[in-house]
Amino acid sequence: MSRPHRLLAGIILLHLALGLLYDWAMPIFEASDEGAHYGMTRYLAQNRALPVQQPALQKDGLHTAYEQEGSQPPLYYALAAALTGWIDTADFSLAFVRNPLSRVGVPGTTHNANLYRHPPLRPPLAGTALAVHLIRWFSLLLSAGTVALTYELARRAAAQNFKLQTSNLKSQISNLKSAIALGPPSSVLGLLAAALVAFNPMALFINASINNDNLLMLLSTAALLVMLPLAGSSDAPSSRRTVALGALLGLAALTKVSGLVLWPVAGIAAAIGAGRALRAGEAPLVVLRRFALTGVLMAGTAVAVCGWWYLRNRQLYGEWLGLQTMVAIAGPRAPITLIELFRGEWLSFWRSYWGVFGAFTVLAADWVYRFFDALTLAALAGGLLSLGRRNRSVALDWAAAGLFALFCALTFVGVVRWTLLTLASQG
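Keep in mind that what you see is a predicted model, and the values were worked out from it rather than measured. Note that residues are indexed from 1 along each chain, following the sequence as it is written. Where local features are concerned, this predicted model is filtered to residues with pLDDT of at least 70; where side-chain atom pairs are given and counted, the filter is 80 or more; whole-chain, interface and lining totals use all residues. The side-chain numbers reported here are obtained from all heavy atoms of the structure, hydrogens and water having been left aside.

## Thoughts on the packing of aromatic side chains
Here is step 1: Centre distance within 6.5 Å is the pairing criterion for rings of Phe, Tyr and Trp, where only the six-membered ring of Trp is used; planes under 30 degrees apart are then read as stacked, over 60 as edge-to-face, and the remainder as tilted. What the rule picks out here adds up to 20 aromatic pairs.
Here is step 2: Plain terms: the ring middles of Tyr-43 and Tyr-66 are 5.3 Å apart, the flat faces sit at 75° to each other, and that makes the pair edge-to-face. Taken together, the residues span a long stretch of sequence, with Tyr-43 in helix H2 (residues 34-47) and Tyr-66 in the loop between helix H3 (55-59) and helix H4 (75-84) at a distance of 23 residues.
Here is step 3: For the ring pair Tyr-353 and Trp-354, a centre distance of 4.8 Å and an interplane angle of 85° mean the geometry is edge-to-face.
Here is step 4: Only protein chains enter the accessibility calculation, which uses a 1.4 Å probe; a residue whose area is less than 20% of its type maximum is buried, one above 50% is exposed, and one in between is partly exposed. For Tyr-353, a relative accessible area of 36% gives the class partly exposed.
Here is step 5: Among the aromatic side chains, those forming a connected cluster through ring pairs are Phe-29, Tyr-38, Phe-92, Phe-96 and Tyr-116.
Here is step 6: Counted as over-ring charges are cases with an Arg CZ or a Lys NZ within 6 Å of the ring centre that also lie within 35 degrees of the ring normal. One residue, Arg-351, lies across the ring of Tyr-369, its end atom 4.7 Å from the ring centre. By the criteria applied, helices consist of DSSP H or I runs no shorter than four residues and strands consist of E runs no shorter than two, each listed in order from the N terminus.

In structure tokens:
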């Protein structure tokens with residue numbers, strides 16, 4: 001095993017160890033919406049069917065255990081239900097008791113921080129508690145996969161930027177030192193990217209809980225990894241790669257509606273590859289035919305995987321995505337402008353990107369936020385400086401950078417849009 005891979009293994013093992021500490025420290029159901037996420041899992045395990053949402057019942061004060069999460073695509077919950085369906089959870093009504101005085105959504109509150117009531121002593125690892133912890137461990141394994149794929153994604157993208165190495169002595173000595181210490185520059189950047197994902201406190205908190213984001217992160221990273229050569233080469237993509245990407249797009253959309261963000265990114269990746277083929281001198285009609293076939297095969301595979309769930313939404317609720325039904329259950333917010341949203345909630349969003357725990361009630365120490373503020377500013381300054389000093393003989397893979405930027409931008413737009421509909425300013 002090479003040195004970069006040994007270091008990556010160390011990062012993953014430390015990530016899992018820290019995740020288990022988070023799992024041990026968190027009472028069950030106290031992570032973000034974990035109670036409802038588990039409620040959805042338990043419903044699938046018991047009924048082997050999807051729930052039908054009834055927002056009118058919410059208005060009458062009748063709540064289900066799964067609440068708004070019953071409107072989510074089912075893949076993560078189905079996997080979790082298969083994992084824990086054999087466990088007797090007859091004690092669920094005793095474990096799933098809401099705290100009527102909870103100060104949910106009040107960061108730093110000094111009392112009633114818990115969303116649920118818990119016994120004074122930690123319950124034995126059996127029944128509902130066992131099911132919750134098993135799913136949390138499953139989520140941690142998913143996050144370990146995300147860390148590994150992040151390394152490979154960043155390494156491959158960075159490798160494009162070092163493919164035309166400068167011949168000056170200073171650069172050669174620098175790269176030689178890098179290779180001796182940690183591996184080639186691309187591996188170093190891959191390790192840094194993996195570490196950023198692995199040791200973000202909020203990511204650890206979510207990854208050690210029951211949350212469908214954990215599967216979506218893995219599938220999104222895998223999809224971006226498959227897209228990268230699609231946009232980086234003028235060669236025709238193989239049918240196998242195209243079908244694999246379509247399957248990943250379908251699985252992501254079957255995990256969470258925001259998985260659909262990947263779809264236009266994949267289409268643009270294919271278009272960039274077609275553009276490279278045209279610049280390489282291939283016949284326009286040949287390239288157009290190939291691009292069309294790639295799009296049909298990719299989209300057809302994706303729709304075959306997830307289309308049934310969106311069609312079900314259309315038939316049941318009169319909408320393809322089910323978001324309006326979800327908002328009706330989660331609770332709509334009063335109309336707010338973009339300026340009011342950013343002015344009033346940017347700080348809570350930024351801090352919760354790094355770590356606001358529990359039911360949005362537990363803050364980290366002040367120095368933690370100052371550290372990540374400084375890290376972010378240093379990264380921005382370093383990025384601008386590196387672009388300014390970039391040697392012209394080193395190729396910059398604008399296709400990869402553009403795809404990543406587009407994915408991030410579309411994700412951010414989706415978060416803002418959702419936050420305008422319901423209270424969800426959480427990073």
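There is more to say after this.
## Quick look at the packing of helix H10 (residues 213-232) against helix H17 (residues 398-421)
A packed helix pair is summarised by two numbers, namely the angle formed by the two axes and the spacing between the axes.
Here is step 1: Axis definition: a line fit to C-alpha positions, over the contact stretch in the case of helices; interaxial angles, taken between N-to-C directions, run 0 to 180 degrees. Across the interface, H10 lies against H17 with an axial gap of 10 Å and an inter-helix angle of 145°. For the pair H10 and H17, the crossing hand works out as right-handed. Seen from H10, the contacting residues are Ser-220, Leu-224, Leu-228 and Ala-231; seen from H17, they are Ala-399, Ala-400, Leu-403, Phe-404 and Phe-407.
Here is step 2: Looking at side-chain class alone, the contact of H10 with H17 contains eight nonpolar, one polar and no charged residues. Rotating anticlockwise by less than a right angle from the far helix to the near helix defines a left-handed crossing, while the corresponding clockwise rotation defines a right-handed one. Any two residues whose heavy atoms approach within 4.5 Å are treated as being in contact. All residues other than Ala, Val, Leu, Ile, Met, Phe, Trp, Tyr, Cys, Pro, Asp, Glu, Lys and Arg, Gly among them, are scored as polar; the first ten of these are nonpolar and the last four charged.

## A few points about the nonpolar core
Here is step 1: Only buried residues count toward a nonpolar core. Its members are Ala, Val, Leu, Ile, Met, Phe, Trp, Tyr and Cys residues joined through side-chain atoms within 4.5 Å. By size, the foremost hydrophobic cluster in this structure holds 61 residues, and its most contacted members are Phe-29, Tyr-38, Tyr-76, Met-227, Leu-245, Leu-249 and Leu-262.
Here is step 2: For this core, the element with the highest residue contribution is H10, accounting for 13 residues.
Here is step 3: If we ignore the near neighbours within four places in the chain, the residues touching Phe-29 are Glu-34, Gly-35, Tyr-38, Phe-92, Ala-95, Phe-96, Tyr-116, Thr-128, Val-132 and Arg-136.
Here is step 4: Ile-206, Ala-208, Phe-360 and Val-368 belong to the second largest nonpolar core, which has 15 residues in total.

## Thoughts on a nonpolar patch on the surface
Here is step 1: A surface patch of nonpolar side chains, about 440 Å² in accessible area, is lined by Leu-196, Trp-367, Phe-371 and Leu-375.
Here is step 2: For the nonpolar patch, the element with the highest residue contribution is helix H16 (residues 366-389), accounting for three residues.
Here is step 3: With respect to the helices, strands and loops of the structure, Trp-367 is situated in helix H16. Patch membership is restricted to residues that have no salt bridge and whose relative accessible area is over 30%. Joining uses 9 Å for like charges and 5 Å for the nonpolar side chains Val, Leu, Ile, Met, Phe, Trp and Tyr. Residue burial considers only the protein chains on display, and all accessible areas are found by Shrake-Rupley using a 1.4 Å probe. Any Lys or Arg side-chain nitrogen located within 4 Å of an Asp or Glu carboxyl oxygen qualifies as a salt bridge.

## Focus: the side chain of Thr-301
Here is step 1: In this fold, Thr-301 is placed in helix H13 (residues 284-317).
Here is step 2: Contacts of Thr-301, omitting those with residues within four sequence positions, involve Val-243, Gly-246 and Ala-247.

## Observations regarding helix H15 (residues 338-354)
Since the α-helix packs 3.6 residues into each turn, any two residues three or four apart lie on the same face.
Here is step 1: For H15, built from 17 residues, the straight-helix expectation of 24 Å at 1.5 Å per residue is met to within 8% by its first-to-last C-alpha distance of 23 Å.
Here is step 2: The sharpest bend along H15 measures roughly 60° and falls at Glu-345.
Here is step 3: Among all positions in H15, only Leu-341, Glu-345, Ser-352 and Trp-354 are buried.
Here is step 4: Taken together, the buried residues of H15 touch helix H8 (185-198), helix H9 (201-207), strand S1 (356-357), H16 and H17. Expected span of a helix, by definition, is 1.5 Å for each gap between consecutive residues, and there is one gap fewer than residues. To get the bend at any residue, fit one axis to the seven residues that end at it and another to the seven that begin at it, then take the angle between the two axes.

## Section: the environment of Leu-293
Here is step 1: Following the sequence through the fold, Leu-293 ends up in helix H13.
Here is step 2: Leu-293 sits in the exposed class, given a relative accessible area of 57%.
Here is step 3: Distance in space between the C-alpha atoms of Leu-293 and Ala-304 is 16 Å, their sequence separation being 11 residues.

## Things to note about unusual backbone geometry
Negative phi values dominate among residues other than glycine, just as trans dominates among peptide bonds.
Here is step 1: Its identity as a non-glycine residue notwithstanding, Asp-33 has a phi of 60°, on the positive side.
Here is step 2: The residue Asp-33 is located in the loop between helix H1 (3-25) and H2 in this model.
Here is step 3: Relative accessible area serves as the criterion here: at 43%, Asp-33 is assigned to the partly exposed category.
Here is step 4: Positioned with a positive phi, Asn-112 is a non-glycine residue whose angle comes to about 50°.
Here is step 5: Among the secondary structure elements, Asn-112 is positioned in the loop between helix H5 (92-95) and helix H6 (127-161).

## Quick look at the pattern of salt bridges
Here is step 1: Tallying each qualifying case throughout the model produces eight salt bridges.
Here is step 2: The shortest N-O distance in the salt bridge between Arg-136 and Asp-23 comes to 3.1 Å. Here Arg-136, found in helix H6, pairs with Asp-23, found in helix H1; they are 113 residues apart in sequence, far enough to count as distant. One exposure class covers both Arg-136 and Asp-23, and it is buried.
Here is step 3: Note that Arg-156 is salt-bridged to Glu-152, the shortest N-O span being 2.7 Å. Placement of both Arg-156 and Glu-152 in helix H6 is noted, with a separation of four residues, approximately one turn of the helix.
Here is step 4: Note on Arg-156: relative accessible area 36%, which makes it partly exposed.
Here is step 5: Each member of the salt-bridge network shares a partner with another, and the members are Asp-23, Glu-34 and Arg-136.

## Description of the packing of H1 against H8
Here is step 1: Remark: H1 packs on H8, axes separated minimally by 10 Å, with the N-to-C direction vectors making an angle of 5°. The orientation of H1 with respect to H8, classified from their angle, is roughly parallel. Here H1 contributes Pro-4, Leu-7, Leu-8, Ile-11 and His-15 to the contact with H8, which in turn contributes Ser-187, Leu-191, Ala-194, Ala-195 and Ala-198.
Here is step 2: Along the lines of polarity and charge, the residues of the contact of H1 with H8 split into eight nonpolar, two polar and no charged. When an angle is under 35 degrees it counts as roughly parallel; over 145 it counts as roughly antiparallel; between 65 and 115 it counts as roughly perpendicular; any other value is oblique.

## With respect to the environment of Val-243
Here is step 1: Locating Val-243 in the fold gives a position in helix H11 (residues 239-253).
Here is step 2: Assessed through its relative accessible area of 33%, Val-243 is described here as partly exposed.
Here is step 3: In this structure, the C-alpha to C-alpha distance between Val-243 and Ala-299, residues 56 residues apart in sequence, is 8.9 Å.
Here is step 4: Those residues in contact with Val-243 that sit more than four places away from it in its chain are Leu-297 and Thr-301.

## Quick notes on the environment of Phe-342
Here is step 1: Tracing the backbone through its elements, the reader meets Phe-342 in helix H15.
Here is step 2: Along the sequence, Phe-342 and Ser-238 sit 104 residues apart, while their C-alpha atoms lie 44 Å from each other.
Here is step 3: Beyond its immediate sequence surroundings of up to four residues, Phe-342 is in contact with Phe-412 and Val-416.

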